[in-house]
Amino acid sequence: MTGLIKMIFGSRNDREVKRLKPFVSQINEFENGLQKLSDDELRAKTAAWKEELAKIEDKDELAQKLDEILPEAFAVVKNACRRLCGQEITVRALPQKWDMVPFDVQLIGGIAQHQGKITEMATGEGKTLVATMPVYLNALTGRGVHVVTVNDYLAARDSEWMGAIYKFLGLTVGVILHDQPPRVRREQYACDITYGTNAEFGFDYLRDNGMATRKEEQVQRGHYFAIVDEVDSILIDEARTPLIISGPSVHTHDEQFAQWKPLVESLVRAQQQLCNRFLTDAEKLIKKLHPEDGSNVQDADALEREIGMLLFRVKTGQPKSEGLMKILENPENAGLMNRAELELHKDQKKVDLYREKEELLFAMDEKSQEADLTEKGRNFVSPKDPDAFVLPDLTTLLHDVDAGAETDARKRLEAKTKLQADFEAKAQKIHAITTLLKAYSLYQVDVEYVIQENKVIIVDQHTGRLMPGRRWSDGLHQAVEAKEGVAIERETQTLATITIQNYFRLYQKLAGMTGTAETEATEFLDIYKLGVVTIPTNKPNIRKDSHDSIYKTKREKFSAVVTEIKELHAKGRPILVGTVSVETSEMLSRMLKREGLIHSVLNAKYHQQEAEIVARAGQRGAVTIATNMAGRGTDIKLGPGVADVGGLHVLGTERHEARRIDRQLRGRCSRQGDPGSSHFFISLEDDLMRLFGSDRIVKMMEKIGFEEGDELKHPWLNRSIQSAQKKVEQHNFQQRKRTLEYDDVMNKHRGVVYDFRNEIINGEDVRDRLMDIMEEVVVEKVLEFTNTDTEHSEWKLRQLADWVNLNFPLGMPEAEILKAAESGKDEPVTGSLFDGLSPAQFAVCNFISEKVRDAYEIKISFENPDALKEVERFTILSAIDRLWQEHLYEMDSLRYSIGLRGYGQRDPLVEYKAEAFKMFDELMVNVKTQICNNIFRSASSMLAFENFLRNVPQQTKHDPASAFGDPPKPDGNQGKASDVVSEAADQLSKDKPKPKRTGPKVGRNDPCPCGSGKKYKQCCGR
Ligand SMILES: Nc1ncnc2c1ncn2[C@@H]1O[C@H](COP(=O)(O)OP(=O)(O)OP(=O)(O)O)[C@@H](O)[C@H]1O
Ligand SMILES: [Mg+2]
């Protein structure tokens, strides 16, 4: 910021603060008046306001009313504080005397928060207390106010500490903690005020809207107003990683793979032998085609054809055969093979192609990634019952039931439902075997994947890089694991996810507080529409900030650090040493130990203990080493006599990539007018200096003849370090913004899907909705297989009938559909759902829908009505969830592939949006189709499924923010100092989506990813 702009910014801020001052005198006047009241009279205010506000429904009217009562309501809180003074309250099991009455600056901070702003108030200015006033005021609406903290310890502490005020005034206060069961959570949310961490709030939202199947399971009750403490940490640093709930994939095939592995292995071996024979034959023929004496060959054409066919056969049977590859190195042979393939595909009926395949045990298609058992193969695997691996003709079977002797409609329906279940079980078995065949025939170790530490790791086919943690989808990864004999991991998948940004945008009103917001003001405004107001301190800040000291090497820097610690420690001053990583903390600790200096070390792991250690950091002679994040939010009070020797000294051992974090560390001293000082040490070897800005500095140092061991201090240096930091900040901001632009697309999808879900969860009776959906899908399908203009005889009624019979236990012959079309061709079309349909199509739709309804009536008659209601609800929800989770997956890979594709001049975001739109459209169609598919599943198995879902273990994941201190790194490579800046550079890669799917996308002929066992094009891919 230039000086001029700063002046303007500064003065704008001053004006803002000044504007709030008149409120302060109003509040104080009210408060004077309140002092006369009895405790009960004061409490009565709360009840009266609550009653009055509960009646107001209109948002604006409510806001206006709150503004109106603000001065008096704030005064009530202030007055309650006064009455509490001297009382003992218990905070985190420790007794504490209340001694706080809000200062005027705190009132100002509170007003700004009520207005939906971020208040920047220095450390120790009492932000915890500030928030109580806007919290109280807004909680009077009864709509629930959330106070968001950075960890469970602070949430519990603040809810107990500040709870004294709320309870005194007659409001209820709750706290959400990590290990609470849903019942307890719901009670906490039902309170007027609820404290908790961002992650808990976010996960509850995801569970409520993305996973709960009943209203009673939902715990939150809306998002009215939230005040976020340490707002920069939460909305900026934590916002780097989204909240993710993952759980085991619904479609697991693990057992099947292990079960079929031996069989598939012998199948593959037999096929290898077969193919070797074909290859030997082909080689012989090739020799014959090119006689060594150079003589002419008779029937060269037939010979060539035969060679081509043999080679094609091997390609189909063993695509990765080395022998084949060798032969194909000769382009002439490759040509023969291609010619044969073309010839086989030319024939419409594919008779020859089929015959060729039948020479094999199974046929592979590399392009479409399809594997099929041939008749020979089926006989091989199951000589007694080759049909065990053929999908039956369901339509005929179902029809036979209807045509059979059974007269009881109920029994017939049961029989048909069973046929469908058998069909699916068979489909799953076939899916497992073909997936294994793929794993054996198309995926080679050290080419498509490698084995490391008992894991199958995918090799990126474009870059050759390993991609640990990624998995092929649809059971393929597990099949490869089974093949390699390594542990078969349960498939996990993302069940629900949201970014912190989008979670907090849900709130009608948002506000925040922190010691350090100003440097990120643009981001707060841009992303969250949050303005920043800097509130002056209650007493003037008298902290002395030294210029940075700069050294050539880290070694020199740290020995200077130790020297300063020793000097100040000798004077009895407490020292807080900030480091950027756990590793640096530990290194420094060893150095101090060698010097015989007693000290404590803490990193950001155990919040409660940490809070206690940091709280003691102001005692005489204390030396405390801490990472930046450690103990944030806890108060460092000076011990007796410490102020006389100069107060707390903060010593920074490195500049952080964001200025904000440095300011946070500095702010730990000189709270509330205490004396104190700060000093940062830097070396040219520090990451920030190395990567972002040492050039000019080094040059200048050379000019002035800077030598090893020298120390340099100059205001100019501070400026150039700052500009390096600004560069990184800017870069990171852009990165976060970009990520968010991508996530916004998803966010819209999530909105639609969650609304749909909630409609179903909240609906009393969803049967009508279910039948509507069925009708919509029927219309879609009729449109797909029939045509307004063509003769009925040209309609694809067989396919339509197949679809109907696959989804509903009807056994509807195509002839009946044709009859319906004929008989209805002169009737008028009514109803908006059928717009654009011909009368015949309309008649077909009605015919099918009615039959489905009739069948459903039968089902209703033998179900328990309450259970059926649940089943219906669940039919819809499970379809939504299953496909939505697939969609999350797909969107992830879309983002990744768009990132890889590179679009020349085009903006990848635009491409992404276009494709995402298409995918979402498909999703909604697929959801409805899937719902149809499930309508007739039996109640008991459905409930069992529901129970299963409810009982599957879930994981919630939110990587800790790394801007402060050092979170444990998953690779065990914990806390390298270099992480700080490589993080800046890493940001790029971190913000990239991390797709789970890297295998081939589902081909039209692939088994459907929904696990139905049907081909994709015949299931969700229609
Ligand atoms: N009005 C007040 N009168 C007396 N003491 C106060 C008042 N307000 C706050 N305090 C005291 O100031 C200390 C710091 O308060 P608090 O932890 O809320 O500060 P903070 O602004 O949240 O700091 P941090 O940035 O570290 O989170 C506490 O010990 C608290 O008791
Ligand atoms: Mg605080």
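About the criteria used
Residues numbered from 1 in each chain as written. Chains lettered and ligands numbered in written order. Predicted model: local features only at pLDDT ≥ 70, side-chain atom pairs only at ≥ 80, totals over all residues. Heavy atoms only, no water. Helix = DSSP H or I, 4+ residues; strand = E, 2+ residues; numbered from the N terminus. Buried < 20%, exposed > 50% of the residue type's maximum accessible area, 1.4 Å probe, protein only. Contact = heavy atoms within 4.5 Å. Areas by Shrake-Rupley, 256 points an atom, 1.4 Å probe, with all protein chains shown as cover. Near = heavy atom within 4 Å. Polar contact = N/O pair within 3.5 Å; in protein donor to acceptor, adjacent residues only side chain to side chain. Nonpolar A, V, L, I, M, F, W, Y, C, P; charged D, E, K, R; others polar. Pairing = 2+ DSSP bridges. Right-handed = clockwise from strand over helix to strand, strands pointing away. Core = buried A, V, L, I, M, F, W, Y, C linked by side-chain atoms within 4.5 Å. Axes fitted to C-alpha atoms, helices over the stretch in contact; angles between N-to-C directions. Left-handed = near helix turned anticlockwise from the far one by under 90°. Parallel < 35°, antiparallel > 145°, perpendicular 65-115°, else oblique. Phe/Tyr/Trp six-rings, centres within 6.5 Å; stacked < 30°, edge-to-face > 60°. Salt bridge = Lys/Arg side-chain N within 4 Å of Asp/Glu carboxyl O. Expected span 1.5 Å × (residues − 1). pLDDT = per-residue confidence, 0-100. Patch = residues over 30% accessible without salt bridge, like charges linked within 9 Å, V, L, I, M, F, W, Y side chains within 5 Å. Lys, Arg positive; Asp, Glu negative; His and termini not counted. Charge placed at Lys NZ, Arg CZ, Asp CG, Glu CD. Bend = angle between axes of the 7 residues up to and from the residue.

Student: Would you explain the overall build of the protein chain in this entry?
Tutor: Counting its regular elements, the protein chain contains 36 helices and 24 strands. For the protein chain, the proportion of its 1022 residues judged to be buried stands at 55%. The long-range fraction of contacts in the protein chain, counting pairs at least 24 apart against all pairs at least 6 apart in sequence, stands at 75%. Accessible surface, the protein chain as shown: approximately 45500 Å² in total, 50% of it carbon and sulfur.

Student: Got a minute to help me understand the site of ligand 1 in this structure?
Tutor: Looking at ligand 1, there are 21 residues lining it, with Val101, Lys127, Thr128, Asp635 and Gln672 nearest. Interatomic distance of 3.4 Å between a backbone N/O atom of Glu125 and an oxygen atom of ligand 1. In the environment of ligand 1, an oxygen atom lies 2.4 Å from a nitrogen or oxygen atom belonging to the side chain of Thr128. Isolated, ligand 1 exposes 630 Å² of accessible area, and the fraction of that covered by the protein chains is 93%. Per-element accounting of the shell around ligand 1 gives the leading share, three residues, to helix α5 (residues 127–139). A breakdown of the residues in the shell around ligand 1 according to their chemical character gives seven nonpolar, seven polar and seven charged.

Student: Hey, could you run me through the sheet that holds strand β13 (residues 466–467) in this one?
Tutor: One key point about sheets: their strands pair by backbone hydrogen bonds, in either a parallel or an antiparallel sense. Strands sit in the order β11-β12-β13 across an open sheet of three strands; the sheet is antiparallel. Two strands lie at the open edges of the sheet, namely β11 (449–452) and β13, each paired on one side alone. Pairing geometry for strand β12 (residues 455–459) and β13, over two bridges, is antiparallel. Of the residues in β13, the one forming a bridge with Val459 is Leu466.

Student: How should I be thinking about the pairing of strand β22 (residues 648–652) in this particular structure?
Tutor: The side chains of a regular strand alternate, residue by residue, between the two faces of the sheet. In terms of residue burial, β22 counts as a mostly covered element, since five of its five residues are buried. Side chains Leu648, Val650 and Gly652 project from β22 onto one buried face, and the interleaved His649 and Leu651 project onto a second face that is buried too. Where strand β19 (residues 575–579) and β22 come together, four bridges link them in parallel fashion. Bridge pairing in β22 links Gly578 to Gly652. On the question of chirality, the crossover connecting β22 to the parallel strand β23 (residues 675–683) by way of helix α25 (residues 659–666) is right-handed.

Student: Can you help me understand the nonpolar core in this one?
Tutor: Nonpolar side chains in soluble globular proteins tend to end up buried together. Counting 106 residues, the largest nonpolar core has Leu235, Phe504, Phe524, Phe808 and Ile848 as its most contacted members. A total of twelve residues in this core trace back to one element, the largest contributor, which is helix α33 (residues 865–901). Not counting the four nearest positions on each side in its chain, Leu235 is found in contact with Ile500, Phe504, Leu510, Phe524, Tyr528 and Leu530.

Student: Even after reading the chapter, I still don't get the sheet that holds strand β4 (residues 145–149), so can you show me in this structure?
Tutor: The parallel open sheet is built from seven strands, whose spatial order is β5-β6-β4-β7-β15-β3-β16. Lying at the two open borders of the sheet, with one neighbouring strand each, are β5 (173–175) and β16 (531–534). Strand-to-strand, the axes of this sheet are offset by a mean angle of 20°, without reference to chain direction. The pairing of β5 with strand β6 (residues 193–197) spans three bridges and is parallel.

Student: I keep staring at the packing of helix α18 (residues 409–441) against helix α19 (residues 476–484) and nothing clicks. Help me out?
Tutor: To characterise two packed helices, one gives the angle between the axes of the helices and the distance between these axes. Contact geometry of α18 with α19 gives a least axis separation of 9 Å together with a crossing angle of 65°. Two packed elements cross with a definite hand, and for α18 against α19 that hand is right-handed. Judged by residue contacts, Thr435, Leu436, Lys438, Ala439 and Tyr440 of α18 engage Leu476, Ala479, Val480, Ala482 and Lys483 from α19. For the contact of α18 with α19, a count of residues per class yields seven nonpolar, one polar and two charged.

Student: I would appreciate a short explanation of the packing of helix α30 (residues 797–807) against helix α31 (residues 814–823) in the present structure.
Tutor: Packing of α30 against α31 brings their axes to within 9 Å, and their N-to-C directions diverge by 110°. With respect to their mutual orientation, α30 and α31 come out roughly perpendicular. Viewed along their axes, α30 and α31 form a crossing whose handedness is right-handed. Counted together, Leu797, Arg798, Leu800 and Ala801 of α30 and Glu814, Ile817 and Leu818 of α31 form the full contact between these two elements.

Student: How do you make sense of the packing of aromatic side chains when you look at a structure like this?
Tutor: Geometrically, a pair of aromatic rings is defined through the distance of the ring centres and the angle of the planes. One pass over the full model with this rule turns up 14 aromatic pairs. Pairing Tyr189 with Phe201 gives two aromatic rings, centres 6.0 Å apart and planes at 55°, and the pair type is tilted. Note that Tyr189 is positioned in helix α8 (residues 182–190) and Phe201 in helix α9 (residues 198–211), a separation of twelve residues in sequence. The class of Tyr189 is buried, set by a relative accessible area of 1%.

Student: Is there a simple way to explain the pattern of salt bridges in this structure?
Tutor: Pairing of side chains with opposite charge becomes possible as their charged atoms draw close. Here the structure, examined in full by the defined rule, presents 55 salt bridges. Among the ionic pairs, Lys117 bridges to Glu16, the shortest N-O distance being 3.2 Å. A residue pair is termed long-range when its members are at least 10 positions apart, and Lys117 in strand β3 (residues 117–120) and Glu16 in helix α1 (residues 3–34) qualify at 101 residues. Judged by relative accessible area, Glu16 falls into the buried class, the value being 16%. Arg660 is the partner of Asp232 in a salt bridge, and the nearest nitrogen-oxygen pair spans 3.0 Å. Here the residue Asp232 occupies a position in helix α10 (residues 231–237), and Arg660 occupies one in helix α25, the gap between them amounting to 428 residues. A network of salt bridges, in which partner residues are shared, links Arg185, Glu200, Asp204 and Arg207.

Student: In this structure, what is going on with the pairing of strand β8 (residues 243–248)? I would like to understand it.
Tutor: Within β8, five of the six residues are buried, which leaves it mostly tucked inside the rest of the structure. Bridging between β8 and strand β14 (residues 492–498) involves six bridges; their strand directions are antiparallel. Looking at the pairing, Pro248 lines up with Thr492 of β14.

Student: When you look at the side chain of Thr929 in this model, what are you seeing that I'm missing?
Tutor: Along the chain, Thr929 falls in helix α34 (residues 908–934). Every residue in contact with Thr929, bar those within four places of it in the chain, is listed here: Val777, Trp803 and Asn807.

Student: Help me understand unusual backbone geometry, please; the structure alone is not making it clear to me.
Tutor: Most of the time, phi is negative for any residue but glycine, and the peptide bond is trans. Even without glycine at this site, Glu230 takes up a positive phi of about 50°. Mapping Glu230 onto the fold places it in the loop between β7 (225–229) and α10. By relative accessible area, Glu230 is classed as buried at 5%. The phi torsion at Gln672 lies on the positive side, around 45°, for a residue other than glycine. Structurally, the position occupied by Gln672 is in the loop between α25 and β23.

Student: Even after reading the chapter, I still don't get helix α23 (residues 582–594), so can you show me in this structure?
Tutor: Turn by turn, an α-helix covers 3.6 residues, leaving residues three or four places apart pointing in a common direction. With 13 residues, α23 should cover 18 Å at 1.5 Å per step; its first-to-last C-alpha distance of 19 Å lies within 8% of that length. Those residues of α23 not exposed but buried are Val582, Thr584, Ser585, Leu588, Ser589, Met591 and Leu592. Elements in contact with the buried residues of α23: α22 (554–570), β19, β20 (600–602) and β21 (623–627). Positioned one or two residues after α23, Gly596 has a phi angle of 75°, which is positive.

Student: Mind showing me how you'd approach the confidence of the model for the protein chain here?
Tutor: Interpretation of this model should avoid reading the predicted coordinates in detail wherever pLDDT is low. For the protein chain, the average pLDDT comes to 84, and 87% of its residues sit at 70 or higher. Every residue in residues 944–949 is under pLDDT 50, and counting partners more than four places away or in other chains gives nine contacts. Within the model, the stretch residues 960–1004 combines pLDDT values under 50 with 121 contacts to residues more than four positions away or in other chains.

Student: How do you make sense of a negative patch on the surface when you look at a structure like this?
Tutor: Together, Glu57, Asp58, Asp60 and Glu61 make up a negatively charged patch on the protein surface. Note on placement: Glu57 falls in the loop between α2 (39–54) and α3 (59–84). The exposed category is assigned to Glu57, whose relative accessible area is 71%.

Student: In this structure, what is going on with α3? I would like to understand it.
Tutor: At Leu70, α3 shows its largest bend, some 55°, and a proline, Pro71, comes one to four positions later. The N-cap residue of α3 is Asp58: its side-chain oxygen and the backbone nitrogen of Asp60 are 3.3 Å apart. The positive-phi residue at the C-terminal boundary of α3 is Gly86, with phi of around 90°.

Student: Explain the environment of Leu510 here, please?
Tutor: For Leu510, the location among the structural elements is in strand β15 (residues 509–514). Under the relative-accessibility criterion, Leu510 is labelled buried at 10%. Dropping the residues within four chain positions of it, Leu510 is found in contact with Gly116, Lys117, Phe225, Ala226, Val228, Leu235, Phe504, Tyr528 and Leu530.

Student: Honestly, a positive patch on the surface in this entry has me stumped. Any pointers?
Tutor: Residues Arg12, Arg15, Lys18 and Lys21 make up a contiguous surface patch of positive charge. Note on placement: Lys18 falls in helix α1. Assessed through its relative accessible area of 59%, Lys18 is described here as exposed.

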